[in-house]
Amino acid sequence: MLQKTPERSALKELYEKDFYLWVMENLRLLKEKHYEEVDWENLLEEIKDMGQRHLESAISYMAIILEHLYKWENFRTSPEMGHGWIKSIINARVKLKRLYDGIPSLYGKSRDEMDRAWRNAVMGLVAWFHYPRNKDLAKKFFGRLPTEKDFPAQCPYTFEQVLEYKPWLEEVWHEDKDS
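All of these numbers come straight from a predicted model, not from anything done at the bench. (Residues numbered from 1 in each chain as written. Predicted model: local features only at pLDDT ≥ 70, side-chain atom pairs only at ≥ 80, totals over all residues. Heavy atoms only, no water.)

Caption draft 1: Expanded view of the overall build of the protein chain. If you tally the helices and strands in the protein chain, you get nine helices and zero strands. In the protein chain, the succession of helices and strands from N to C terminus is α-α-α-α-α-α-α-α-α. The dimensions of the protein chain, computed from C-alpha atoms along their principal axes, are 75 × 35 × 25 Å. Counting every position in the protein chain, which comprises 179 residues, the buried fraction comes to 38%. Long-range contacts, defined as pairs at least 24 residues apart, comprise 69% of the intrachain contacts of the protein chain with a sequence gap of at least 6. (Helix = DSSP H or I, 4+ residues; strand = E, 2+ residues; numbered from the N terminus. Buried < 20%, exposed > 50% of the residue type's maximum accessible area, 1.4 Å probe, protein only. Contact = heavy atoms within 4.5 Å.)

Caption draft 2: View of the packing of helix H2 (residues 19–31) against helix H3 (residues 40–74). Interhelical geometry of H2 versus H3 gives an angle of 105° and a closest axis separation of 11 Å. Overall, the two elements H2 and H3 adopt an arrangement that is roughly perpendicular. Contacts between H2 and H3 involve Phe19, Trp22 and Leu30 from the former and Trp40, Asn42, Leu43 and Glu46 from the latter. Of the residues contributing to the contact of H2 with H3, the split by class is five nonpolar, one polar and one charged. (Axes fitted to C-alpha atoms, helices over the stretch in contact; angles between N-to-C directions. Parallel < 35°, antiparallel > 145°, perpendicular 65-115°, else oblique. Nonpolar A, V, L, I, M, F, W, Y, C, P; charged D, E, K, R; others polar.)

Caption draft 3: Up close: a nonpolar patch on the surface. A contiguous nonpolar surface patch, about 490 Å² in accessible area, is contributed by Tyr35, Trp40, Leu44, Ile47 and Met50. As for its placement among the helices and strands, methionine 50 is situated in helix H3. (Patch = residues over 30% accessible without salt bridge, like charges linked within 9 Å, V, L, I, M, F, W, Y side chains within 5 Å. Areas by Shrake-Rupley, 256 points an atom, 1.4 Å probe, with all protein chains shown as cover. Salt bridge = Lys/Arg side-chain N within 4 Å of Asp/Glu carboxyl O.)

Here is the structure:
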């Protein structure tokens, strides 16, 4: 830590040069109740960004789930295909649950971000078809490489489905009955 209390301009400069030291110095100033010396402008921005990062993580996990649910229901060409998608869905749901358990208010906020999560999922779907190994799938389902316009504009899933829907279980149960 800095030995003496730096001037506010020096603290702002420290923000750009040594972020960790800037954090530690502001923490010290707050603990010692030297509020007038705190770099409030950057500190408030960092607090805002911290919350936004958690929301971005939730949206990212939701997008993974949406993308892989959509692939499972629309682009499987064999019963063996899609087990990696199931794993990704389950892993993303575990991570979402951890986020919601640690930050309960994030649950409601991410519910409001379904459209954004779907747009991100569509970008992932389009990119997936651009992988060379998926060119035959693109030809089969679209006759060409798809664009964002080839997917529903509105999310075809509910927030509850993001958290709970397991279409692969229906298939497993049908297979067991057929055996």
